[in-house]
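# Fold and geometry: a report
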Amino acid sequence: MAQQLIFNKLYQANPRFRQFADSMRGRSPEDAFREQGLDYAQFQNINPNQVRNLLGF
């Protein structure tokens, strides 16, 4: 639930995030991260509180 809330807030408020999210639609998380040069395993178990702090929530 928190993930969806964060996603929706970013999607509505940030045009760059919206464009990025739309471009990743239909890809697995692993593929999307790989295409961006990131390791999905590094982010897979991130604490939701860390995300909130990073995004200023």
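Keep in mind that this is a model prediction, so the values were computed, not measured. (Residues numbered from 1 in each chain as written. Predicted model: local features only at pLDDT ≥ 70, side-chain atom pairs only at ≥ 80, totals over all residues. Heavy atoms only, no water.)

What follows is about the pattern of salt bridges. Close approach of charged atoms lets side chains of opposite charge pair. Evaluation of the coordinates by the stated rule reveals three salt bridges. A salt bridge links Arg25 to Asp22; the nearest nitrogen and oxygen atoms lie 3.3 Å apart. Note on Arg25: relative accessible area 58%, which makes it exposed. Here Arg27 and Glu35 are joined by a salt bridge, their closest N and O atoms 2.9 Å apart. According to the relative accessible area criterion, Glu35 is partly exposed, its value standing at 46%. (Salt bridge = Lys/Arg side-chain N within 4 Å of Asp/Glu carboxyl O. Buried < 20%, exposed > 50% of the residue type's maximum accessible area, 1.4 Å probe, protein only.)

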